[in-house]
Structures are given as structure tokens and as C-alpha cells.
Amino acid sequence: MKVSFDAKTKTEAFSLNQKKMLQPLVFVVAIAFVTVTADRIDEFMCPKGWRYFKYSCYYIGDVGVDFSDAEMSCIDLDSELAAISSKEEHNYIKSIVQDTGAKGVWFGLALKYGDWEYVHDWRFPLTFLNWAKNEPDTSSGAGCGALYKPLGWAWKAERCGTSTGMTYVCEKRAFLHACASRTCFKLLDYRKSYANAKADCKGRGGSLASIRSEEEINAVKDTVFSSRFLSSPDGWKVGRSDIWLAGSDSGSEGVWYWDIEGQRQKISDGFSNWMDNEPNNAGPSGRDENCMIMRPGSWEWNDIMCDSSTYFLCELSEQVLIAITDS
Ligand SMILES: [Ca+2]
Ligand SMILES: [Ca+2]
Ligand SMILES: [Ca+2]
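Residues numbered from 1 in each chain as written. Chains lettered and ligands numbered in written order. Predicted model: local features only at pLDDT ≥ 70, side-chain atom pairs only at ≥ 80, totals over all residues.

Per an unreviewed UniProt entry, the chain carries the name C-type mannose receptor 2 and comes from Plakobranchus ocellatus.

### Overview of the overall build of the chain
The number of helices and strands found in the chain is seven helices and 18 strands. Counting the 327 residues in the chain, one finds 37% classified as buried. A separation of at least 24 residues holds for 71% of the contacts in the chain among residues at least 6 apart in sequence. (Helix = DSSP H or I, 4+ residues; strand = E, 2+ residues; numbered from the N terminus. Buried ≥ 20, exposed ≤ 12 C-beta atoms within 10 Å, placed from the backbone. Contact = placed C-beta atoms within 7 Å.)

### Topic: the pairing of strand β7 (residues 144-148)
Of all five residues in β7, five are buried; the element is thus mostly enclosed. Pairing of strand β5 (residues 104-112) with β7, which is carried by four bridges, proceeds in the antiparallel orientation. The residue of β7 that forms the bridge with G104 is Y148. With five bridges connecting them, β7 and strand β8 (residues 154-158) associate as antiparallel partners. If you follow C144 over to β8, its bridge partner there is E158. Here β7 folds back onto β8 in antiparallel fashion, the turn holding five residues, of which G152 has a positive phi close to 65°. (Pairing = 2+ DSSP bridges.)

### Quick word on helix α3 (residues 87-97)
For α3, the complete set of buried residues consists of E89, H90, Y92, I93 and V97. Burial along α3 is one-sided: seen end-on, the buried residues are contained in an arc of 160°. Summarising the geometry of α3, the exposed residues directed more than 90 degrees from the buried face are K87 and E88. Contacts made by the buried residues of α3 are with β2 (51-53), β3 (56-60), β5, β7 and β9 (166-173). (Arc of directions from axis to C-beta.)

This is the structure in C-alpha cells:
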């Protein structure tokens, strides 16, 4: 399978991508039915205690929190105060805060230098606004956005230090998992160095992924090339970029291991899927290549420099994962 894109706009590349995906997806699904019936494609998932909606996970906090505490609480949970970019998303959040007993719900919108912006990303385009009538009213020093129950949950500018009756909504992206018999894979669609990717997976209760069979390659294909994943905002980029796996020869040049705590295994003793003439340890300016990536499409491996930055694949046991299905 060849995955390539013309340098076009994101939208065009995305539709091109979907057409190209159709054929291989049919193929992958057929294989899955014939030979690896133990495999399955799970829905998008969110951590326990989070709610899933349209590629995002939402968390509603405690009542009685001011804006900056709400912001910090979301960051502590590896998320951000929600950015509400459509009527649909607004209505969803409204539906999950109805019964919290809160009067208002902080989300990510705040007044910065005279403009209303999303606090975690000022570039986030304000394509959707849902202010109540006569809002935002900043005359009393209000500078933070909240869904406000007495106004039918429309948005109100509230004083940021208000905590009475206020809860908050955090948001983070949901990810698709696919599981083989041994383990489940989770693709992270942001870039990190090998060491930081390894730490990220560990922080999720797993590790960078090792691939130990054809069956696991099939599960990874499902994870990376799911048509649903590709319709998420960044999916089109991920399907054509290298992905870190847990392989490394940092300990002894040329001796490759799955570098996983408690499961360290010499790769040459088991399943292996290197590209032709790799690993070659041939970094620029004579630098070592000691960390392994997998290339979507061929699903083969290469060694690259560990401080490169790319997407990565974690493996997690099923106990770590809690499915939240699209309702
Ligand atoms: Ca959002
Ligand atoms: Ca090396
Ligand atoms: Ca190489």
C-alpha cells in the first residue's frame, strides 16, 4: 500500500486520502474476518470518568471552582478547558451539565487584551459564538466565559474569580484503539522524541508498542487507517508519518531490543519486519540511529536518531482502557 499526498490544502488531502483508504480498508477487513477473528476494532475511547462525543472526551469537574482553578484542574488531567466550536458541541455539553446542580460552567473562553479568545490556544478560530442576549457584558469586570443555567445555558461573561455554583468542562481528544490478542494499541497523533514518547506511554499505564506478530501488524493497521480515525481533525497527517515503536539498540550498537520494562526481548529472537538494508545506523554527520520507527503503508521498520520527533504508538493492556461508545 502506498500512501502519498500532493501538496494541497488539508481538506483536499483529506478527501484524497479517504479515496485511497477505501481499497486497503476493504482488504484489511477481509483479512480480519478470515484469519484473525480474535482481533477487533474498538470505538473511540476516553479514560474512565470521561464522556465521549465526536472525537473528544469531556470531563465535568466539581462545583465551586473559579476560572483559574478550573483551568489548572484540566491541565492536571492532561486536557484543556473545552473549546466549543459548534452548536452541536454546545448542545452536547449542555446535555451533560444539566444535572450537576451548577449555575454556570466554565469553558476555555476568556478576555485577553480586549478580545475573547480560547485561553489555551489564541489561534483557535472563534467560528462559533453562543452569547446570551446582551452578553458578553464586561461592565462589572467579567472576563471569563461560562454556560449559564439561568440563561438557558447560553454563554455569559462572568467574573473570573467567581466560584459559587460554578463547575467546568475539560476537553481532550479521543483516540481509537485496536486490540490483538496480547494487547491494545493506541496511536498518539502528536509528535515527540523517542524518550518523551516512551515517557508519555508510561504515563498512560502502558509502554511504547512492540510488534511481535503479523496479527499485531493487522491491529495496528486498523488503528492507524480506520476511516473513523481519519475523519478526526489530525488523522490525515498521521497516516503518512513515521511512528515510534519500542525498539532500540542504545545499549549495544546493532543489538536490537524491545525496550520495555519487565518485557525486554531481543528482537532477532522473534518476529521482525525491517525495511531492506535497515537498520543501518546511518544518521547524518555520522550520528547513530538507535531508535525504531514503523512506516504506515509498508508497516516496515527503520532505525532513526532518537531525538527525532514524530507520532507514536503505545500499547496498553485492556484493563487500562475503558470504552465509551458514541451515543
Ligand atoms: Ca471542542
Ligand atoms: Ca544503532
Ligand atoms: Ca536507518
